[in-house]
Amino acid sequence: MKIVTWNINGIKARLNGLTTYLKETSPDVVCLQEIKSMDAGFPREAIEEIGYTVVTHGQKGFNGVAIIAKSDIEDIIIGLPGDDSDVQARYLEATVINGGGAVRIASLFLPNGNPIDTEKFPYKLSWMDRLEAHARELLNGEMPTILAGDYNVIPQPVDAKRPDVWTGDALFQPKSRAAFRRLVNLGWTDYLRTCHPDTPEYTFWDYQAGAWQKDNGIRIDHLLLSPQAVDVAQSAGVDRFTRGWEKPSDHVPVWVELALS
């Protein structure tokens with residue numbers, strides 16, 4: 001079972017790229033972030049025609065997450081628990097049935113947090129506190145579970161081509177990185193880093209200043225696996241080839257393969 005996370009940076013602008021990716025790589029599940037579309041405006045027909053089921057939590061113009069799968073999607077939770085006043089569409093969780101097995105999957109788009117001297121940074125940290133609380137509860141379940149998405153966190157210096165230029169950015173602040181470590185320390189595994197401990201594995205290249213051509217990237221898209229998911233995980237990787245496509249997202253797909261019975 002191949003599970004992918006991908007910040008698509010606008011579903012309508014990248015629909016052709018997404019459908020091409022689905023046809024060429026045939027993933028079982030894709031978690032999308034930053035769809036920038038209301039639920040009613042999401043172009044689900046083009047995806048359903050390929051054989052996928054679509055669930056969305058959209059918002060006009062920005063944010064928005066989705067889960068698409070070849071099989072049934074059940075027990076859907078819309079929005080990150082812990083703050084009923086938060087109206088930003090950043091979290092979608094569901095169970096995906098795959099033959100005789102099932103996996104609990106969340107598609108999340110963590111707040112960017114910049115500029116750090118505004119209310120956006122405390123919102124980011126508060127959101128991460130809520131995610132930590134919910135992630136702790138999810139570990140009580142017995143189902144393999146994956147927290148997949150754009151975390152907007154550079155966990156370590158190895159995860160940036162030039163870590164020195166990110167020191168003033170919310171993505172690389174000590175508090176952001178500490179919050180990410182707390183998630184991992186609960187018992188979640190950053191599985192891409194586990195599979196590739198010594199290589200950068202960038203997932204984002206800015207559109208500006210030739211970042212892609214210079215490989216000036218960062219790793220901010222992550223797959224955190226519960227112990228039950230790690231037990232059946234086989235491999236993980238980054239499909240960086242999509243960054244070279246016409247009209248690409250500035251993020252690329254990150255994937256994990258599970259051996260589900």
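Residues numbered from 1 in each chain as written. Predicted model: local features only at pLDDT ≥ 70, side-chain atom pairs only at ≥ 80, totals over all residues. Heavy atoms only, no water.

1. With respect to the sheet that holds strand 6 (residues 91-98)
Then comes step 1: Strand order in this open sheet of 6 strands is 5-6-7-8-10-9, and the pairing throughout is mixed. Each edge of the sheet is formed by a strand with only one pairing partner; in this case those strands are strand 5 (73-78) and strand 9 (189-190).
Then comes step 2: The strands touched by helix 3 (residues 120-138) are strand 6, strand 7 (101-109) and strand 8 (145-150); relative to strand 6, the strand with the most contacts, the crossing angle is about 25°. (Pairing = 2+ DSSP bridges. Helix = DSSP H or I, 4+ residues; strand = E, 2+ residues; numbered from the N terminus. Contact = heavy atoms within 4.5 Å. Axes fitted to C-alpha atoms, helices over the stretch in contact; angles between N-to-C directions.)

2. As for helix 1 (residues 11-25)
Then comes step 1: The first and last C-alpha atoms of helix 1 sit only 18 Å apart over 15 residues, clearly below the 21 Å expected at 1.5 Å per residue.
Then comes step 2: Along its length, helix 1 shows its largest kink, about 35°, at Gly17.
Then comes step 3: Along helix 1, the positions that sit buried rather than exposed are Ile11, Arg14, Leu15, Gly17, Leu18, Thr19, Tyr21 and Leu22.
Then comes step 4: Each element contacted by the buried residues of helix 1 is listed here: strand 1 (2-7), strand 2 (29-33), helix 2 (44-48) and strand 4 (65-69).
Then comes step 5: Of the residues flanking the end of helix 1, it is Ser26, one or two places downstream, whose phi is positive at about 50°. (Expected span 1.5 Å × (residues − 1). Bend = angle between axes of the 7 residues up to and from the residue. Buried < 20%, exposed > 50% of the residue type's maximum accessible area, 1.4 Å probe, protein only.)

3. What to know about unusual backbone geometry
Then comes step 1: Note the cis peptide between Asn114 and Pro115, where omega equals -5°.
Then comes step 2: Its place among the elements puts Pro115 in the loop between strand 7 and helix 3.
Then comes step 3: In this structure, Asn63 takes a positive phi of about 60° despite not being glycine.

4. Re the pattern of salt bridges
Then comes step 1: Per the counting criterion, the structure on display carries 11 salt bridges.
Then comes step 2: Residue Glu34 is joined to Lys36 by a salt bridge in which the shortest nitrogen-to-oxygen separation is 3.9 Å.
Then comes step 3: Close ionic contact of Arg182 with Glu132 constitutes a salt bridge, the shortest N to O distance being 3.1 Å. Taken as a pair, Arg182 in helix 4 (residues 174-186) and Glu132 in helix 3 lie far apart in primary sequence, 50 residues in all.
Then comes step 4: The partly exposed category is assigned to Arg182, whose relative accessible area is 35%.
Then comes step 5: Through salt bridges with shared partners, a single network forms among Asp129, Glu132, Arg136 and Arg182. (Salt bridge = Lys/Arg side-chain N within 4 Å of Asp/Glu carboxyl O.)

5. So, the state of the cysteines
Then comes step 1: According to the stated counting rule, one finds 0 disulfides in the structure shown.
Then comes step 2: There is no disulfide at Cys31, and the cysteine sulfur nearest it, in Cys195, is 17 Å away.
Then comes step 3: Judged by relative accessible area, Cys195 falls into the partly exposed class, the value being 29%. (Disulfide = S-S within 2.5 Å.)

6. Focus on the side chain of Arg193
Then comes step 1: By secondary structure assignment, the location of Arg193 is in helix 5 (residues 191-195).
Then comes step 2: When its relative accessible area of 10% is taken as the criterion, Arg193 is described as buried.
Then comes step 3: Within the structure, the side chain of Arg193 is placed 2.5 Å from the side chain of Asp159, a separation counted as a polar contact.
Then comes step 4: Within the structure, Arg193 has its side chain in polar contact with the backbone oxygen of Thr199 (distance 2.6 Å).
Then comes step 5: When neighbours within four sequence positions are excluded, Arg193 is seen to be in contact with Gln156, Val158, Asp159, Asp198, Thr199, Pro200, Glu201 and Arg219. (Polar contact = N/O pair within 3.5 Å; in protein donor to acceptor, adjacent residues only side chain to side chain.)

7. What to know about the nonpolar core
Then comes step 1: Among the nonpolar cores identified, the biggest contains 33 residues, and Ile3, Val103, Ile146, Leu225, Val256 and Leu258 are the most heavily contacted of them.
Then comes step 2: Filtering out sequence-adjacent residues up to four positions away, Ile3 remains in contact with Val29, Val103, Ile105, Ile146, Val254, Trp255, Val256 and Leu258. (Core = buried A, V, L, I, M, F, W, Y, C linked by side-chain atoms within 4.5 Å.)

8. Observations concerning the sheet that holds strand 12 (residues 254-258)
Then comes step 1: Read across the sheet, 6 strands follow the order 3-4-2-1-12-11 without closing on themselves; strand pairing throughout is mixed. This sheet does not close on itself; its edge strands, each paired only once, are strand 3 (53-57) and strand 11 (233-238). Strand-to-strand twist of the sheet, defined as the mean angle between neighbouring strand axes without regard to direction, takes the value 15°.
Then comes step 2: The pairing of strand 11 with strand 12 spans 5 bridges and is classified as antiparallel. If you follow Val238 over to strand 12, its bridge partner there is Val254.
Then comes step 3: Across the face of the sheet, helix 1 comes into contact with strand 1, strand 2 and strand 4 while running at roughly 160° to strand 1.

The values are spatial; any link to function lies outside them.
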